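One letter stands for each residue in the lines below.
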Amino acid sequence: MNNHCTLLRTRIDLDAIAHNTRLIAERLSPGTRLMAVVKADGYHHGALAVAATALNHGADALGVATIPEALELRGAGIDAPLLAWLWAAQDDDGVEGALAARVALGIPSVDHARAVIAAASRLQEESQDGSHPAARVFIKVETGMHRSGVDPERWAEVMDLLRDAPNVEVLGLFSHLSCADDPDHPANDAQAEQFARAIAYGRERGLALPINHLCNSPGTLTRPDLHHDMVRVGVALYGGEPIPAREHGLRPAMSWLATVALVKPVAPGEATSYGLTWTAERPGWLAVLPVGYADGLPRAAQGVLEVAIGGRRYPQVGRVCMDQILVDLGENPAGVAPGDEACIFGTEPGAMSASELAEALHTINYEVMCRPTGRTVRTFVAPEAAGLSAARHESEA
Ligand SMILES: Cc1ncc(COP(=O)(O)O)c(C=O)c1O
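Cut-offs applied
Residues numbered from 1 in each chain as written. Predicted model: local features only at pLDDT ≥ 70, side-chain atom pairs only at ≥ 80, totals over all residues. Heavy atoms only, no water. UniProt positions renumbered as here; feature names shortened; annotations may be inferred. Helix = DSSP H or I, 4+ residues; strand = E, 2+ residues; numbered from the N terminus. Buried < 20%, exposed > 50% of the residue type's maximum accessible area, 1.4 Å probe, protein only. Areas by Shrake-Rupley, 256 points an atom, 1.4 Å probe, with all protein chains shown as cover. Lys, Arg positive; Asp, Glu negative; His and termini not counted. Charge placed at Lys NZ, Arg CZ, Asp CG, Glu CD. 1 Å grid on protein atoms, 1.4 Å probe; cavity = no way out; pocket = protein on both sides within 12 Å on 5 of 7 lines; lining within 4 Å. Points joined across faces, edges and corners; volume = space filled by probe spheres on them. Nonpolar A, V, L, I, M, F, W, Y, C, P; charged D, E, K, R; others polar. Domains from an automatic or database assignment. Near = heavy atom within 4 Å. Polar contact = N/O pair within 3.5 Å; in protein donor to acceptor, adjacent residues only side chain to side chain. Sits in = over half its atoms within 2 Å of the grid points.

- Per an unreviewed UniProt entry, the recorded name for the protein chain is Alanine racemase, and the organism is Corynebacterium uropygiale.
- Per its UniProt entry, the protein chain bears the Pathway (unreviewed entry) comment "Amino-acid biosynthesis; D-alanine biosynthesis; D-alanine from L-alanine: step 1/1."
- For the record of the protein chain, the UniProt heading Catalytic activity (unreviewed entry) holds the text "L-alanine = D-alanine".

Here's what the structure looks like:
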């Protein structure tokens, strides 16, 4: 797509991702490895560019949710250790594809263990010389989140099945903290203790379990005692503070930008947008921005969003439409004009941060980062941080 006609874009600063990766890597306990979580297209920052940047600046491995996400990275030439943890045990082709591409799989149930064992044996039989590389797995153990993980009463069954399977290598255990963004929540210690019990139990049953991991971003930043052999860091990599009101020196990487499409006068008593929910009280100017709920801006942003143009903030007014919003420029003292750049959230002077907008929307910065979609086009700053060529700077968000 031609960037000159792009009215709506995210600008992803790969230097910020490089900075955040280094900052996190420096905080890790000795011997702890860093898995960069690049699921959901790198939290909408572009999985490939983020993966390449993180690997260039201190990450040791990558984590994604689904097998297609993992295969896309492999298809783009990313060779690093890679884990996918969300897949269906019935998806024989997917499992074989993942194992053939040396993607490690998370095992959250007995059925998943059986599926990997069966796929590993098929691949072994099909290989020319019977020496297909071992299927690598991490067992996801239930420690208290009750989302996805092998329940303690099935630990023995899953561990023994995988231990005894030919051509399967159990790299370690993992689990996920449910309340790490609330460092004082008692569930953190309870889950940590259960995780330690699972590791001890697995080793008693003869598994070496060299690489175990529990922490996400908030756990990594606040609980060095729980770093184990690896941490799985997502939001902090993108510069999102995982714990509201804490400050760790992270640099947000994403700005969501729209070109002002139109500036028009509005007279006192004139109302705007669907439902005519906002009425001008004095003569002024409205700017039309080409972003709406089809692009991921929630209708609930009405009345809480303030966009920055030229370093000043202006309130969004009236209903959020499918494709456009209106911004009250008042008397337009700064002379905002069509073609100017407006920042919906991000790092431009005066702009709301993703965290600030999240608070206003009663949500979390994770969700705000994942909002830009639809007609948004992604552009990268500092592609050299990822080792990307100029030709690959831009992609559909
Ligand atoms: C299993 C797992 N590990 C790690 C992460 C990364 O979490 P965060 O973005 O809080 O670092 C996620 C994301 O939700 C996840 O699902």
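## Some thoughts on the overall build of the protein chain
Now for step 1: A tally of helices and strands in the protein chain yields 11 helices and 19 strands.
Now for step 2: Considering the protein chain as a whole, with its 397 residues, one finds that 53% of them fall into the buried category.
Now for step 3: When the accessible surface of the protein chain is totalled, it reaches about 16900 Å², and 51% of it is carbon and sulfur.
Now for step 4: Positive and negative side-chain charges in the protein chain, numbering 32 and 49 respectively, have mean positions lying 1 Å apart.

## Concerning the layout of surface pockets
Now for step 1: Approximately 870 Å³ is the volume found for the largest pocket.
Now for step 2: Taken together, 38 residues form the lining of the largest pocket, with Tyr43, His176, Asn216, Ile364 and Tyr366 sitting closest to its centre.
Now for step 3: Broken down by secondary-structure element, the contributors of at least two residues to the lining of the largest pocket are helix H2 (39-44), helix H9 (217-222), helix H10 (354-360) and helix H11 (365-369).
Now for step 4: The leading source of residues in the lining of the largest pocket is H10, at 4 residues.
Now for step 5: Among the residues making up the lining of the largest pocket, the classes are represented as 20 nonpolar, 9 polar and 9 charged.
Now for step 6: Each of domain 1 (14-238) and domain 2 (254-396) contributes no fewer than three residues to the lining of the largest pocket.

## Some words on the site of the ligand
Now for step 1: In the vicinity of the ligand lie 14 residues, with Lys39, Tyr43, Ser217, Gly234 and Tyr366 positioned nearest.
Now for step 2: Between an oxygen atom of the ligand and a side-chain N or O atom of Tyr366, the distance comes to 2.6 Å.
Now for step 3: Isolated, the ligand exposes 400 Å² of accessible area, and the fraction of that covered by the protein chains is 93%.
Now for step 4: The pocket occupied by the ligand, as judged from atoms lying within 2 Å of grid points, is the largest pocket.
Now for step 5: Only H2, H9 and strand S8 (230-233) provide two or more residues apiece to the shell around the ligand.
Now for step 6: When grouped by side-chain class, the residues that make up the shell around the ligand number 7 nonpolar, 4 polar and 3 charged.

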